[in-house]
Structure formats: structure tokens, C-alpha cells
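Listed below, chain by chain, are the residues.
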Amino acid sequence: HLRMLGTTVRRLVARRNSLLGKFSFAACLAVLIAASTSSSVRAYTPESLEVQQLVRRAVGFLRKDQLYDEPHRALAAMAMFKAGEPISDPFIQKALKDCAELCRTPEMVDGTLRSVYQAAVVGLFLCEVDPKTYQKEIQNVMESMEKRQKPFGGWGYPKPQANWETGDTSMT
């Protein structure tokens, strides 16, 4: 912090020749000194009680909606897993089962699954939770994504959908 403070002060000193520069110098110097001498800074961290309470409420909210399809269930389950819910949680287990089954479908294997998002989210979820157990399913997702990749490197929906030749920049 001291090195950064010293660099900032040197820059300000160089600009202090004008009236506005003198004011800017004094104001910035005061702010820098106040900030560097402050003994306590309050910030939220993942361990903060307020953050933990918000995460618990969010997990409860995600559990309530049972109308999820595979990618949405995978996204909700991944959020729950990242929030500390165990893999043995019934919601996470159902998501893993559904996602693994989707990864074994002919549409996933041959790269004709319509939704790039669906393949990507399901693959990310399986990678995050247990890449060894779901290695074959993850490989199917990777191969599916490679098959649908456009010659120029992007992704898009299959023919005859809009942008099928040029791709869709929202799929990155």
C-alpha cells in the first residue's frame, strides 16, 4: 500500500502547479492519508453472518421450485452445491441423475441437442460436482459441443434457425 501511495503522491505533486491542480492535490492527499490511517474497514466476506443468511435463504428458494428442466435444475443444484449443500442432498442427486441421463441421449452424443446452453450448463455441473464419476458423460458433452462448433469458432443454433450460418454471440 505504501508503494502505491508513494506513486500516487508523486503523480499528484507533478500536477499541483495549477490552482485546480493544487486543490486536487490537497483533496486527494487528504483522502489518501485518511484511507491509509483508517484502523478498521468493514467489508462483507463469504464468512460474514449476513452473507451466510442470504445464501441459506437463496438455497431455500431454489428448493421450492420443482418445475426445473435439466439445465435449470443443474444450475440450481450447482448453486446449492457451491453454497455447501452435500452431494447426497436429494435435490442435487436428482439433478445429477437427470443430467447424466441427458448426457447419454442420442441427441447429446451426436451433437444434435438443440440447446447449446443445456449442454454447457449440464457439463459444467457434472465437472463441478464429480468429474471422475461423470467422465463419460462430460466427454459426451465435450464432443457434442465440438460437433456443433462453427468453422469460425463460434456456436449457434442448427439450421433452419435464425443465425445458423453466422452463429449467436450470446453463446460464448
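Residues numbered from 1 in each chain as written. Predicted model: local features only at pLDDT ≥ 70, side-chain atom pairs only at ≥ 80, totals over all residues. Heavy atoms only, no water.

Asker: When you look at the nonpolar core in this model, what are you seeing that I'm missing?
Answerer: In globular proteins that are soluble, nonpolar side chains generally tend to be buried together. Counting residues in hydrophobic clusters, the biggest one holds 30 residues, and the most contacted among them are Leu96, Met108, Phe125 and Leu126. Those elements giving two or more residues to this core turn out to be α3 (49-64), α4 (70-82), α5 (90-103), α7 (116-129) and α8 (135-148). With eight residues, α5 is the largest single contributor of residues to this core. In contact with Leu126, other than residues within four places in its own chain, are Leu96, Cys99, Cys103, Pro131, Tyr134, Glu137 and Ile138. (Core = buried A, V, L, I, M, F, W, Y, C linked by side-chain atoms within 4.5 Å. Buried < 20%, exposed > 50% of the residue type's maximum accessible area, 1.4 Å probe, protein only. Helix = DSSP H or I, 4+ residues; strand = E, 2+ residues; numbered from the N terminus. Contact = heavy atoms within 4.5 Å.)

Asker: Teacher, can you tell me more about the pattern of salt bridges here?
Answerer: Following the criterion strictly, the structure yields eight salt bridges and no others. Note that Arg73 and Asp98 form a salt bridge whose closest N and O atoms lie 2.5 Å from each other. Of the two residues, Arg73 sits in helix α4 while Asp98 sits in helix α5, which places them 25 residues apart along the sequence. For the pair shown, Arg73 and Asp98 are each scored as buried. The salt bridge partner of Lys82 is Glu128, with a shortest N-O separation of 3.0 Å. With Lys82 in helix α4 and Glu128 in helix α7, the pair connects residues that are 46 residues apart, well separated along the chain. According to the relative accessible area criterion, Glu128 is partly exposed, its value standing at 33%. (Salt bridge = Lys/Arg side-chain N within 4 Å of Asp/Glu carboxyl O.)

Asker: Sorry if this is basic, but what is going on with the side chain of Glu137 here?
Answerer: Within the secondary structure, Glu137 is located in helix α8. Residue Glu137 is classed as buried on the basis of its relative accessible area of 7%. In this structure, Glu137 is in contact with Ala100, Cys103, Arg104 and Leu126, ignoring residues within four places of it in sequence.

Asker: Sorry, what's going on with α7 here?
Answerer: Along an α-helix, a turn takes 3.6 residues, which lines up residues three or four apart on a common side. The terminal C-alpha atoms of α7 lie 20 Å apart, and with 14 residues this matches the ideal 20 Å at 1.5 Å per residue to within 8%. Of the positions making up α7, those classed as buried are Val116, Gln118, Ala119, Val121, Val122, Gly123, Phe125, Leu126 and Val129. Packed against the buried residues of α7 are α4, α5, α6 (106-110) and α8. (Expected span 1.5 Å × (residues − 1).)

Keep in mind these values describe shape, not function.
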